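# Structure assessment
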Amino acid sequence: MIVTYNWLKEFVEFDLTPQSLAEVLTMLGLEVEGIRYLGEGLGDVVVAVVEEKLKHPNADKLSLCRVNNGREVLPIVCGAQNFKAGDKVALAQVGAVLPGDFRIKRSKIRGEESCGMLCSEKELGLAVESEGIMILPENLSLGVPLVEALGLKDTIFEIGLTPNRADCLSVVGIAREIAAKLGKKVTYPGHALNESSLPIRERAEVVVEDPDLCPRYTARYIYGCTVGPSPAWLVKRLEAVGMRSISNVVDVTNYVLMEYGHPLHAFDADLLAEGKIVVQRATEGERFTTLDGQERVLTASDLTIRDGEKGVALAGIMGGENSEIREETTNILLESAYFNPSAIRKTAKRLGLHTESSHRFERGADVEIVTRALDRAACLIAELSGGAVAEGIIDVYPQVIPSRTIRFRVERCGQLLGIVLTDDEARDIFDRLEFAVAKVEPGLLDVTVPSFRVDLEREIDLIEEVARLKGYDSIPVTMPLARVVSDRPTRRQQLERRLKDLMVGQGFNEIITFSFMAPAVLDRLLLAEDDTRRTHVRLRNPLVEEQSVMRTTLLPNLLETAARNLNFRTLNLRMFELRRAYLPVQGEELPREPLHLAGLLTGARYPEGWNQEKHQVDFYDAKGVVDAILDDFGIGPVVYRQEQPETYYHPGKACQISHCGEMLGSLGEIHPDVQGNFGIGQPVYYFELDFDKLAAVQRGKTSIEPPSRFPDTFRDVAMLVDDETPASAITDCIAGLKIKELERSEIFDLYKGSHVPEGMKSIAVRVRYRSNERTLTDEEVSSLHQRVIDNLVQKLDITIR
């Protein structure tokens, strides 16, 4: 935002130097990023009159002039042709230094002496572009410095505003901040609007079809106008804030834009079909040419201003080429409206069209200043163009936007800022900010926020206003009180860290993936239609469909990560993730969030080397990892039940893991179809454990039994059993005898082939015996072993080989 020192002083009286004013603004949160002094260095540029203008004897395009500066007559060689004898001009005398460090010297040009230079606005740094030299008003006195004669001396402030301070995108807004800080009153721009007897309803009509995008639309009709150049004061003011003068009518809308911060738009009323304005959404694919000559393709979400037949403006952004103000324009329909900020922001961003108008509307305009800005602009247009303002105003405001009232606790404000604040001090600050204040009780105020402060929504926003107005430098500096405490991890946190360390020790790499997935990914896992994991939590505003729901299983992300690594020729993978799944619970607002450990293996068992066999990982590698986890957690006995736990496992190559009847998880080889769905061409093994259940049965302390001092002995038994009989049934049957001297049993051989009947398998079991009291005799061991064999034959119907 660019403002000038003199313009600010028109609205609030102060005696601060430009440097002091910049410091005040910065401490108010309006950071002054740059200061530029208008007219600086132009003290040697004075008002002069051209007494004689002759053709240069040695150059066709140069003139030889005699110029009087009030003290002497000087010869000047000039190349411009837009002046004549008798014109008053800006003379840069010998020794003057113009912008760009251009020093004026006495010189000879084509043989003729030149003692100075006649200057243009561009050469003096007063305009971006100019045609010819600067012609001055005739009433100026000779020899007076130009900056004094024209009142050019001013200071320009470049202010960096945060996006929430839309109220300061105007001179009035910044003046209001200065007045509040200095305890002054703002003198708002005045206008004496004289209306004619012609009713506006006879010349114009406004219909708002989409009040959700345009809550308020006002208009005035000005007729009999003459479009032409703007007066010097208006041109000078606009150029000072970086705007180019176009015409008196357009310049007034820009002037009021900078003054009040509210965008306006002037239509050529004679180009509006049926004299009608309709505010409504565009049709999908509609084409519209804006003032910059660019054709825009609109969507159904874009708001347009239309006449009785066509679009004439992009609401709140830019007008149309088909209704712009021209030299021939005599009748004007002047618009002042309030548009929905998000709608303007969306359209401007999609079209890549950022204007002074959209910059203000998308941040939030002041809905109550609409008519004041309209009347101000109508008054100036009528004054500068010689037009007349029709009687009345069109104001379409179907649903009044209510003001916001915020409860303010004085004590709470003092606690947060670390200051002592009284009710009267708080009220005084809010009064200076033009907030309405009602005292509810001691220490409690109801503050009604004015419509121009769209950024204030909560009590903490009001507390910030108190800090700004009191001054950040008035807040005492105190050292924070802190205690040094030992924040020891909880048991659960310790187990999580222990489990991760264990997985890393097993050669796994931890991965962290998004907690989102695509709903369709569950089809690739072959999950049944009634599987509860197909019920998921959907995001309200997903970035992409592939991350539109919260995950209900960790497997898809692991498979996608594996596929991506395999595509990069990383063929040997061991990875795990200890993260949450999100399972909706019927009747509950929030889902259940169990913590799962998921691991994946594929590729070679050992790194490639001359002394390593080239084996691929298999089911038992995954089972070995699970065994190591359960052993470290002290969980046992564990049963690996050969059942099909999930549809994404290979049939016959997966099992459930349970402890004391509680299912802890599952492991197995991924189904070939699932691997194909993810683009994986080699066997993948996967296991998943419920961490919450692991933590519940984990033994905190491990009991240690002293070893027996007596030797052990073992007996082997080979048997034929049915193929359907799981190996665990044999060891469970042996353990079920509860023989005190039976130390353990283990299967050490499995055979299927010749000499073994079809549908049978041969299993060899080694049973180890030991007593803690004495050395067992051979007869005692044989007797115990016979009991074991008899029990197996009786319960499992085995055949001893």
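One can find the structure itself at the top, above this paragraph.
Overview of the structure.

How each quantity is defined
- Residues numbered from 1 in each chain as written.
- Predicted model: local features only at pLDDT ≥ 70, side-chain atom pairs only at ≥ 80, totals over all residues.
- Heavy atoms only, no water.
- Helix = DSSP H or I, 4+ residues; strand = E, 2+ residues; numbered from the N terminus.
- Rg over C-alpha atoms; globule rule 2.2 N^0.38 Å.
- Buried < 20%, exposed > 50% of the residue type's maximum accessible area, 1.4 Å probe, protein only.
- Lys, Arg positive; Asp, Glu negative; His and termini not counted.
- Charge placed at Lys NZ, Arg CZ, Asp CG, Glu CD.
- Pairing = 2+ DSSP bridges.
- Axes fitted to C-alpha atoms, helices over the stretch in contact; angles between N-to-C directions.
- Contact = heavy atoms within 4.5 Å.
- Phe/Tyr/Trp six-rings, centres within 6.5 Å; stacked < 30°, edge-to-face > 60°.
- Lys NZ or Arg CZ within 6 Å of the ring centre and 35° of its normal.
- Salt bridge = Lys/Arg side-chain N within 4 Å of Asp/Glu carboxyl O.
- Expected span 1.5 Å × (residues − 1).
- Polar contact = N/O pair within 3.5 Å; in protein donor to acceptor, adjacent residues only side chain to side chain.
- Left-handed = near helix turned anticlockwise from the far one by under 90°.
- Nonpolar A, V, L, I, M, F, W, Y, C, P; charged D, E, K, R; others polar.

### As for the overall build of the chain
Of the regular secondary structure elements, the chain holds 20 helices and 42 strands. For 801 residues, the compact-globule formula gives about 28 Å, and the C-alpha radius of gyration of the chain, at 44 Å, lies well above that figure. Seen along its three principal axes, the alpha-carbon backbone of the chain occupies a region of about 145 × 75 × 65 Å. Within the span of the chain, comprising 801 residues, buried residues form 48% of the whole. Distance between charge centroids for the chain: 4 Å, based on 95 positive and 122 negative side chains.

### Considerations on the sheet that holds strand β2 (residues 31–38)
Where strands meet in a sheet, backbone hydrogen bonds hold them as pairs that are either parallel or antiparallel. The sheet built from 3 strands is open, its strands ordered β1-β13-β2 with antiparallel pairing. The sheet is open, and its two borders are formed by β1 (2–4) and β2, each paired with just one other strand. Adjacent strand axes in the sheet meet at a mean angle of 25° when their direction is disregarded. As paired elements, β2 and strand β13 (residues 154–160) share 7 bridges and run antiparallel to each other. Bridging from a neighbouring strand, L38 pairs with D154 of β13. Across the face of the sheet, helix α2 (residues 18–27) comes into contact with β2 and β13 while running at roughly 160° to β2.

### Details of the packing of aromatic side chains
Under the definition given, this model contains 13 aromatic pairs. Each ring, one from Y648 and one from Y649, has its centre 5.0 Å from the other, and the planes form 55°; the classification is tilted. The buried category is assigned to Y648, whose relative accessible area is 1%. Plain terms: the ring middles of Y649 and Y686 are 6.4 Å apart, the flat faces sit at 40° to each other, and that makes the pair tilted. Here Y686 lies in strand β38 (residues 685–690) and Y649 lies in strand β36 (residues 649–659), a separation of 37 residues in the sequence. Accessibility classification places Y649 together with Y686 in one group, the buried group. Among the aromatic residues, those joined into a cluster by ring pairs are W7, W233 and Y255. Here the basic side chain of K53 rests over the ring of F83, its NZ or CZ set 4.3 Å away from the ring centre. One residue, K623, lies across the ring of Y640, its end atom 4.4 Å from the ring centre.

### Examining the pattern of salt bridges
It is possible for side chains bearing opposite charge to pair when their charged atoms get close. All chains considered together, the criterion is met by 57 salt bridges. Across the pair E10 and R237 runs a salt bridge whose closest N-O atoms are separated by 2.6 Å. A residue pair is termed long-range when its members are at least 10 positions apart, and E10 in the loop between α1 (5–9) and α2 and R237 in helix α5 (residues 232–240) qualify at 227 residues. When its relative accessible area of 42% is taken as the criterion, E10 is described as partly exposed. According to the relative accessible area criterion, R237 is buried, its value standing at 16%. Measuring nitrogen to oxygen at the nearest pair gives 3.9 Å for the salt bridge that ties D712 to R770.

### A short note on helix α16 (residues 619–632)
In a regular helix each residue adds 1.5 Å, so 14 residues correspond to 20 Å; α16 covers 20 Å between its end C-alpha atoms and thus fits that length. For α16, every residue scored as buried is listed here: F619, D621, A622, V625, V626, I629 and L630. Where α16 begins, the capping side chain belongs to D618, and its oxygen is found 3.0 Å from the backbone nitrogen of Y620. G634, located one to two residues past α16, shows a positive phi value of around 70°.

### What to know about unusual backbone geometry
Notably, R110 is not glycine yet its phi reads approximately 55°, a positive angle. Along the chain, the position of R110 falls in the loop between β9 (107–109) and β10 (112–114). If you check the backbone angles, K738 has positive phi at about 55° while not being a glycine.

### A few points about the side chain of S170
Tracing the chain through its elements places S170 in the loop between β13 and α4 (171–182). What makes S170 buried here is its relative accessible area of 2%. Here the side chain of S170 touches G173 through a polar contact of 2.9 Å, landing on its backbone nitrogen. Setting aside its immediate chain neighbours within four residues, S170 contacts M1, M258, E259, Y260 and G261.

### Observations concerning the pairing of strand β21 (residues 303–306)
On β21, burial covers both faces: L303 and I305 on one face and T304 and R306 on the other are all buried. One ladder, built from 4 bridges, connects strand β18 (residues 276–281) with β21; its direction is antiparallel. Considered in β21, the bridge of V278 is made with R306. Two elements, β21 and strand β22 (residues 311–314), share 3 bridges in a ladder whose sense is antiparallel. Paired with T304 across the two strands is L314, which belongs to β22.

### Structural notes on the environment of Q656
Structurally, the position occupied by Q656 is in strand β36. When the C-alpha atoms of Q656 and S451 are compared, they prove to be 65 Å apart, with 205 residues separating the residues in sequence. Every residue in contact with Q656, bar those within four places of it in the chain, is listed here: V639, Y640, R641, E643, P645, M663, G665 and S666.

### Brief notes about the packing of helix α6 (residues 248–260) against helix α9 (residues 370–385)
At a closest axis distance of 9 Å, the pairing of α6 and α9 adopts a crossing angle of 145°. Handedness of the α6/α9 crossing: right-handed. Mapping the contact onto sequence places N248, V249, V252, Y255, V256, E259 and Y260 in α6 and R372, A373, R376, A377, L380, I381, L384 and S385 in α9. For the contact of α6 with α9, the class distribution of residues is 10 nonpolar, 2 polar and 3 charged.

### Brief notes about the sheet that holds β22
Taken in spatial order, the 5 strands line up as β15-β18-β21-β22-β23 in an open sheet, and their pairing is mixed. Of all strands in the sheet, those with a lone pairing partner are β15 (205–208) and β23 (318–319), marking the two edges.

### Some thoughts on helix α12 (residues 459–470)
Taking 1.5 Å as the rise per residue, α12 with 12 residues should run 16 Å; its terminal C-alpha atoms sit 17 Å apart, in good agreement. Counting buried residues along α12, 9 of its 12 residues qualify, which places the element largely inside the surrounding structure. Listing the buried residues of α12 in full gives E459, D461, L462, I463, E465, V466, A467, R468 and L469. Taken together, the buried residues of α12 touch α4, β27 (404–409), α10 (410–417), α11 (423–432) and β29 (444–449). After α12 finishes, the residue G471 shows a positive phi value of roughly 105°.

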